[in-house]
Amino acid sequence: MTEPSWEHVDAYFESHLLLPDPVLDACLRASAEAHLPSIQVSPSQGKLLHLLARAIGACRILEVGTLGGYSTIWLARALPEGGRLISLELDPKHAEVARTNIARAGLDARVEIRVGRAIDSLPKLAAQGAGPFDLVFVDADKPSTRAYFEWARRLSRPGALIVVDNVVRKGELANAASTDANVRGMREFVESLASAKGVSATGIQTVGTKGYDGFLLAWVEEGVGQAGASQPAPTKRPAGRRAR
Ligand code: SAH
Ligand code: DHB
Ligand code: MG
């Protein structure tokens, strides 16, 4: 199987399962015009993130790695009234493009972009009592993935979902001899999960317009004592009902 057919299938899914979306088209156009790298999730992957967020009823979402806000828009659109998304981005230019794209999408009241190194922003979030988050999407500099995941866990509620992009890297993930810092970072991350308590994870290989790569999905187990969890899980009940 060759790469063009992966792209044909992505195009086929997009044409039948994704509605025309002028706001997302404008986001990609503005990002390209600003010379941002075209490394955002694919449309089908963006919709997967959206569906996951909807399926778990995510009210608080954290993203690490904003770029032009493409995945941010997909995720933020899944939020209910009053829901919030915080996205962390190193590059002020990326953040500026993203803010414009997010405002065009009408999502600026729900989305906050924090500029800086994620490894600095994450402890600040914890210190500020941000979260606990229901869903975290980790998609920034790959060598730091393990550290971002550990922060994501600390900032997540039991039952949260953590999604990590770009774990497979054309299959290099399975190459123990790889000297690529991105691959080594992902191997270190995956191997750290082998002994991690309180998370249940799986890796899903993907092909498509972004080539051969993959996601890792981790569920933060409920009912497992979690060191570092700063707040209990939010208790959500239908309006008008009381706990007994
Ligand atoms: N999630 C985006 C793509 C993100 S690309 C989407 O799918 O639409 C990765 C982003 O991470 C880039 O914008 C890059 O500037 C940012 N990044 C790189 N190193 C970072 C760091 N140390 N802290 C925060 N963001 C970082
Ligand atoms: C790169 C980063 C990504 O997040 C991605 O999805 C694809 C490529 C990169 O830095 O090359
Ligand atoms: Mg990515």
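Structure first, text after, so check above.
Report follows, based on the coordinates. Every value quoted in this text rests on a predicted model; they were computed, and no experiment measured them. (Residues numbered from 1 in each chain as written. Chains lettered and ligands numbered in written order. Predicted model: local features only at pLDDT ≥ 70, side-chain atom pairs only at ≥ 80, totals over all residues. Heavy atoms only, no water.)

1. Some details on a nonpolar patch on the surface
Working step 1: There is a patch of nonpolar side chains on the surface, built from V9, Y12, F13 and L17 and spanning about 400 Å² of accessible area.
Working step 2: Tracing the backbone shows F13 in helix 1 (residues 3–17).
Working step 3: The class for F13 is partly exposed, based on a relative accessible area of 38%. (Patch = residues over 30% accessible without salt bridge, like charges linked within 9 Å, V, L, I, M, F, W, Y side chains within 5 Å. Areas by Shrake-Rupley, 256 points an atom, 1.4 Å probe, with all protein chains shown as cover. Salt bridge = Lys/Arg side-chain N within 4 Å of Asp/Glu carboxyl O. Helix = DSSP H or I, 4+ residues; strand = E, 2+ residues; numbered from the N terminus. Buried < 20%, exposed > 50% of the residue type's maximum accessible area, 1.4 Å probe, protein only.)

2. Observations regarding the pattern of salt bridges
Working step 1: Tallied over the entire structure, the rule returns eight salt bridges.
Working step 2: Residue D21 pairs with R77 through a salt bridge whose shortest N-O separation is 2.7 Å. In this pair, D21 sits in the loop between helix 1 and helix 2 (22–33) while R77 sits in the loop between helix 4 (70–76) and strand 2 (84–89), placing the two residues 56 residues apart along the sequence.
Working step 3: Classification of D21 as buried rests on a relative accessible area of 16%.
Working step 4: Residues joined by salt bridges that share partners form a network here, namely R146, E150 and E188.

3. Observations regarding the site of ligand 1
Working step 1: Near ligand 1 you find 21 residues, and of these G65, S71, E89, H94 and D139 are the closest.
Working step 2: Note that a nitrogen atom of ligand 1 is positioned 2.8 Å from one of the backbone N or O atoms of G65.
Working step 3: In the environment of ligand 1, an oxygen atom lies 2.6 Å from a nitrogen or oxygen atom belonging to the side chain of E89.
Working step 4: Taken by itself ligand 1 offers 590 Å² of open surface, and the protein chains cover 90% of this.
Working step 5: For the shell around ligand 1, the class distribution of residues is nine nonpolar, six polar and six charged. (Near = heavy atom within 4 Å. Polar contact = N/O pair within 3.5 Å; in protein donor to acceptor, adjacent residues only side chain to side chain. Nonpolar A, V, L, I, M, F, W, Y, C, P; charged D, E, K, R; others polar.)

4. Here we look at the site of ligand 2
Working step 1: All residues adjacent to ligand 2 are I39, D139, K142, D165, N166 and K210.
Working step 2: Note that an oxygen atom of ligand 2 is positioned 2.4 Å from one of the side-chain N or O atoms of K210.
Working step 3: In isolation ligand 2 exposes 290 Å². Once the protein is present, 68% of that is buried.
Working step 4: Considering only residue class, the shell around ligand 2 consists of one nonpolar, one polar and four charged.

5. Considering the side chain of T145
Working step 1: Among the structural elements, T145 can be located in helix 7 (residues 145–154).
Working step 2: Residue classification places T145 among the buried positions, given a relative accessible area of 2%.
Working step 3: Excluding anything up to four places from it in sequence, T145 contacts V138, V164, M186 and F189. (Contact = heavy atoms within 4.5 Å.)

6. So, the sheet that holds strand 5 (residues 156–164)
Working step 1: Taken in spatial order, the seven strands make up an open sheet running 3-2-1-4-5-7-6, and their pairing is mixed. One side of each edge strand has no neighbouring strand; the edge strands of this open sheet are strand 3 (111–115) and strand 6 (199–206). Averaged over all neighbouring strand pairs, the angle between strand axes comes to 15°, with direction disregarded.
Working step 2: Where helix 6 (residues 118–127) meets the sheet, it contacts strand 1 (60–64), strand 2 and strand 3, and its direction lies at approximately 145° from that of strand 2.
Working step 3: Here helix 7 sits on the sheet in contact with strand 1, strand 4 (133–138), strand 5, strand 6 and strand 7 (213–220), set at roughly 155° to strand 5. (Pairing = 2+ DSSP bridges. Axes fitted to C-alpha atoms, helices over the stretch in contact; angles between N-to-C directions.)

7. Some points on the coordination of the magnesium ion (ligand 3)
Think of it this way: four donors in a tetrahedron around the metal ideally sit 109.5 degrees apart, and six in an octahedron ideally sit 90 or 180 degrees apart.
Working step 1: The protein atoms that coordinate the magnesium ion (ligand 3) are D139 (OD), D165 (OD) and N166 (OD1), at distances of 2.0 to 2.2 Å.
Working step 2: Along the chain, the residues donating to the magnesium ion (ligand 3) are arranged with the sequence spacing D-x25-D-N. (Donors = N, O, S within 2.8 Å, 3.2 Å for Na, K, Ca; no water.)

8. Notes on the packing of helix 7 against helix 8 (residues 181–194)
The packing of two helices is summarised by the inter-axis angle and the distance between the axes.
Working step 1: Put simply, helix 7 and helix 8 touch, their axes get as near as 8 Å, and they point 40° apart. Overall, the two elements helix 7 and helix 8 adopt an arrangement that is oblique. In this structure, helix 7 uses T145, R146 and F149 to contact helix 8, whose residues at the interface are M186, E188, F189, S192 and L193.
Working step 2: Looking at the contact of helix 7 with helix 8 residue by residue, the class counts come to four nonpolar, two polar and two charged. (Parallel < 35°, antiparallel > 145°, perpendicular 65-115°, else oblique.)

9. With respect to unusual backbone geometry
Working step 1: Omega for the peptide link from G131 to P132 comes to 0°, which places this bond in the cis form.
Working step 2: Position of P132 among the secondary structure elements: in the loop between helix 6 and strand 4.
Working step 3: Positioned with a positive phi, H35 is a non-glycine residue whose angle comes to about 65°.
Working step 4: Along the chain, H35 falls in the loop between helix 2 and helix 3 (43–55).
Working step 5: Unusually for a residue other than glycine, R169 sits at a positive phi of about 50°.

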